[in-house]
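Close look at the chain arrangement
Residue strings, one per chain:
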2 protein chains.
Amino acid sequence: MQQAALIYKELGIDTLQEYVAFLQEDCHVVRSEGIEAQTRVELVCNQRSIVATVHVIHSDLIACGEIGLSMSAQAALSAEPGEKIEISQAPALDSLSQMRAKIFGHRLERNAFDAIMKDISAGRYANIHIAAFLTAMAAHRANLQEVTDLTSSMVDVGEHLSWGTTPVADKHCVGGLPGNRTTPIVVAIVSACGLTMPKTSSRAITSPAGTADVVEVMTPVNLSVEDMKRVVREQGGCFVWGGSLALSPADDLLIRVARPLELDSDAQLVASVLSKKIAAGATHVVIDIPVGPTAKVRNREQANHLENVLTHVGFANGLNIRVIQSNGSAPVGRGIGPALEARDVLKVLRCEHDAPADLRERALRLAGELLEFCQTVPAGQGLEKATDVLDNKAAWSKFKAICQAQGGFKEPEVAPIQYVVHANQAGRIKTVDNRRLSRLAKLLGAPEAKTAGLDLHVNLNDHVESGQPLFTLHAQADGEMDYAKNYLDTHPLFLIEAV
Amino acid sequence: MQQAALIYKELGIDTLQEYVAFLQEDCHVVRSEGIEAQTRVELVCNQRSIVATVHVIHSDLIACGEIGLSMSAQAALSAEPGEKIEISQAPALDSLSQMRAKIFGHRLERNAFDAIMKDISAGRYANIHIAAFLTAMAAHRANLQEVTDLTSSMVDVGEHLSWGTTPVADKHCVGGLPGNRTTPIVVAIVSACGLTMPKTSSRAITSPAGTADVVEVMTPVNLSVEDMKRVVREQGGCFVWGGSLALSPADDLLIRVARPLELDSDAQLVASVLSKKIAAGATHVVIDIPVGPTAKVRNREQANHLENVLTHVGFANGLNIRVIQSNGSAPVGRGIGPALEARDVLKVLRCEHDAPADLRERALRLAGELLEFCQTVPAGQGLEKATDVLDNKAAWSKFKAICQAQGGFKEPEVAPIQYVVHANQAGRIKTVDNRRLSRLAKLLGAPEAKTAGLDLHVNLNDHVESGQPLFTLHAQADGEMDYAKNYLDTHPLFLIEAV
């Protein structure tokens, strides 16, 4: 039976990471292979192979003999318009039987996780299969051995960086608070103290800014592995976007499905965080768990359990973990949005008099813990050392040097359109709605519009007078500013309680 | 904030039942609402409302201010090109928190199932949410009370037919065997005996023919509820396609996700079957469970458990259930495909000398059970009565009368292109691959091409001589015949064992 091939036509349809193939209903190949809407097909092009879900076209978008691809599928195959793409029914996946065993309550062994993670990272699972896997893992609370095995399997299907030295420091914050941009400061401090800290960060997925988006305002973050290694060799630290490094690629696919399911299981969270750290070559990781009523982790009991699993699974995978529980009740710093958060970071690094104290304190605490944990300084002297290095501008010099090595430093720009919102009554700021804060910053254009976002002039528990400025909206276009103002009319950020 | 509206543009993209909205990346409304790829949006048009998943268009398929829809979404909204469609972020679904409670092992109450089924039937769940629900139900083996409640909830979200009489007979076969088209024969026999049997059937989803596809070769099956009621009033029985009647609509959506997950839980199967029967107004249902190594139910133990759950949950919902376990090792009848199966049905009804004996026997057994179960005849006399009514042509007269009432009877046509496949060795037919049988019939064009399919001349355990005809391929187009022959070259249907 001859291999069926179709000609690629570009449609420009973004389905996020879900691979979709668009096929014409009357196409002979389609009919002969028994392909229908939602059929899973294997596509081969340029020696690459993916599995995609079929949508059938009943119009002239696609001709017989042509195939369209979602942008993610096009990228995975590196397909160019006019190229031939071979198509066949996707083979049955053996690992699905292990996934089903998990659903029915069996404990999975390491080789089962290996098979499942291999198929997921190769894009062979449909989103419904990933949803079933995540649900089964949450339903039958995975034990420590399973989380350990899952973590190892996630590491093994991706790239693994190694640094030829020890310790290699890293940090992570579970369930970020708006504006909590400590990473660039911590990297600058600890690498100024001689530690190796090859930091990789993510871009925003649903938030108004990820660490990579913020740092990119000041220096390039899209480094190759070779460039990243050179920067770390020269400077000890770096701030690089992890997205193109293929560290724990299964994790990215799991997260895209877990988020809309709002399915936070400790097992999945721990495997996600630790697999990325192990793949990045870290040996000593400080993990910050902000605890608060509107944070991801709501109370101390939950935080203690998470700390326990993180520490055990890290240890079983040869990773040293130190967990810090911090206050997670309020946004950190003043800016929300890439350029505004970069401004806050720079104020702290430059020790300016109006640097946000909360951001400075959080960064110093984390850096101090890392210095002690990696035995750069004796126990009890970490905070003092970190404070010294920040206050004597060694961290600021190091930050500039790293930026220089990554391709140069530039100052963040400021949005051309600004609008100040004032208090309509006197009182105490009783609550801050972090979800609305994020939504508003995104309406203003963040993270694509780099200078867009919010600048907070007050924070939780502050006393304000009627007419006092509460925050300033920053936008790059009038339309976005208008939408943000409309949104604010019906969705106030602060609840002010008269005193 | 003004309501955002976009203009509908037809794209003709079939995603099966998944609702998808295609939006232009630069569209102001899209940006202001914070809509991205995979965002769930609420769409309103013609006083109807659905929730759809967004795919973002980075080309000129869709202009700013326009919106494309998958064909299922278009149909649900009855949207015409040029019409305005209002769009907003989909509201959070309260029932998802109950779905998550199920994931974490809580027993669900009736009102929780009500909320979940209401949201699913309204199309508010993404496929990943449905996958999570099905997985959670399978993971924490639902108890009888939960299956009972789930069944009631599935009934309540759809239409409910009532017939003003009792008993109302129905039948069902769990996990069909190829060619097992007993339904039209059973309906003819029992309604000829005066019983009320308002039968609704499905079309093929992944098989080469559903009962509705087969009956449609002989008479119209797309009846309105009013026409269906008239036919039943006049004739006692009918054979109608259930798809447009909205009986247990949540079930259809659950099945579309359960099938690619290959997640067969007894709970879901029972709720699916019984909800359709209750919604159709049945009071007495005979359920056939074919048991065999390649059937859906593999062994007697599995069949006994399923029988137990069916009977209990039926009783709790006021439905009388009688289960028959039958031999599920071989295809039934000779034809596979709509017209070929209709031919077999007609041979049995007309008592022709070459009518397939297995199909006749299965239909008689089921009809006999129904007659006894509904107390039309005393216990032990059902089979005799059914045989009488079939042999004296009363069932055939009733069949024609029902067809006449549904819009007229016509003889099945015969495919213009046929090809006979012969045995390449002598021996005994040791195995029949039912999956390949279905695949081959679909390659030949079934069920869209009504006369396409296979005509089997031998069956399991038959002794054949070398060169003896095994089966005939039927097609309406040369291309489809060629593909089927190619497929057969590498995928034999029968294993012939030399004796």
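Structure first, text after, so check above.
Here goes a summary of the coordinates provided.

Quick notes on the rules
Residues numbered from 1 in each chain as written. Chains lettered and ligands numbered in written order. Predicted model: local features only at pLDDT ≥ 70, side-chain atom pairs only at ≥ 80, totals over all residues. Heavy atoms only, no water. Buried < 20%, exposed > 50% of the residue type's maximum accessible area, 1.4 Å probe, protein only. Helix = DSSP H or I, 4+ residues; strand = E, 2+ residues; numbered from the N terminus. Pairing = 2+ DSSP bridges. 1 Å grid on protein atoms, 1.4 Å probe; cavity = no way out; pocket = protein on both sides within 12 Å on 5 of 7 lines; lining within 4 Å. Points joined across faces, edges and corners; volume = space filled by probe spheres on them. Nonpolar A, V, L, I, M, F, W, Y, C, P; charged D, E, K, R; others polar. Contact = heavy atoms within 4.5 Å. Buried area = accessible area lost by both parts, 1.4 Å probe. Salt bridge = Lys/Arg side-chain N within 4 Å of Asp/Glu carboxyl O. Polar contact = N/O pair within 3.5 Å; in protein donor to acceptor, adjacent residues only side chain to side chain. Axes fitted to C-alpha atoms, helices over the stretch in contact; angles between N-to-C directions. Core = buried A, V, L, I, M, F, W, Y, C linked by side-chain atoms within 4.5 Å. Right-handed = clockwise from strand over helix to strand, strands pointing away.

1. Remarks on the pairing of strand E18 (residues 494-497) of chain A
All names here are of chain A.
- Side chains Phe494 and Ile496 project from E18 onto a buried face, and the interleaved Leu495 and Glu497 project onto a face without burial.
- Summarising the sheet, strand E14 (residues 427-432) and E18 pair through 4 bridges and their orientation is antiparallel. Paired with Arg428 across the two strands is Glu497, which belongs to E18.

2. A word on empty space enclosed by the protein
- Scanning the model with the defined rule gives 1 cavity of 30 Å³ or more in all.
- Surrounding the largest cavity, Glu18(A), Val20(A), Thr53(A), His55(A), Glu18(B), Val20(B), Thr53(B) and His55(B) form its lining.
- Listed by contribution, the elements that provide at least two residues to the lining of the largest cavity are strand E4 (48-57) of chain A together with strand E4 (48-57) of chain B.
- In terms of residue class, the lining of the largest cavity is built from 2 nonpolar, 4 polar and 2 charged.

3. Focus on the interface of chain A and chain B
- Between chain A and chain B, the residue contacts involve 53 residues of the former and 53 residues of the latter.
- Between chain A and chain B the total buried area reaches about 4,900 Å² when both faces are included, carbon and sulfur atoms providing 61% of it.
- Across the chain A-chain B interface, the total number found is 2 salt bridges.
- Here Arg100(A) makes a salt bridge to Glu262(B), at a shortest N to O gap of 3.7 Å.
- Where chain A touches chain B, the interface holds 12 residue pairs in polar contact (both at pLDDT 80 or more).

4. Quick word on the sheet that holds strand E12 (residues 335-336) of chain A
All names here are of chain A.
- Read across the open sheet, the 4 strands follow the order E12-E15-E17-E13; overall the sheet is antiparallel. Because the sheet does not close on itself, it has two edges, and the strands there are E12 and strand E13 (417-422).
- In the sheet, E12 pairs with strand E15 (residues 453-456) via 2 bridges, with the strands oriented antiparallel. Directly across from Ile336, in E15, lies its bridge partner Leu454.
- Most of the contacts of helix H17 (residues 434-443) go to E15, to which it runs at about 130 degrees, and overall it touches E12, E15 and strand E17 (469-475).

5. Overview of the nonpolar core
- One finds Ile287(A), Ile289(A), Ile287(B) and Ile289(B) to be the most contacted residues of the largest nonpolar core, which totals 172 residues.
- With residues up to four places along the chain from it excluded, the contact list for Ile289(A) reads Val174(A), Val297(A), Ala303(A), Leu306(A), Glu307(A), Leu310(A), Val323(A), Ile324(A), Gln325(A) and Ser326(A).
- Within the second largest apolar cluster, 62 residues are counted, among which are Ala188(B), Ile189(B), Ala212(B) and Leu366(B).

6. Some points on the pairing of strand E10 (residues 284-291) of chain A
All names here are of chain A.
- The element E10 is largely enclosed, with a buried count of 8 among its 8 residues.
- Judged from the 5 bridges that link them, strand E7 (residues 169-173) and E10 form a sheet pairing that is parallel. If you follow Lys171 over to E10, its bridge partner there is Val286.
- Note that E10 and strand E11 (residues 320-327) share 8 bridges and pair parallel. When the bridges of E11 are listed, Val291 appears paired with Asn327.
- Once you follow E10 into helix H12 (residues 300-316) and on to E11, the crossover reads as right-handed.

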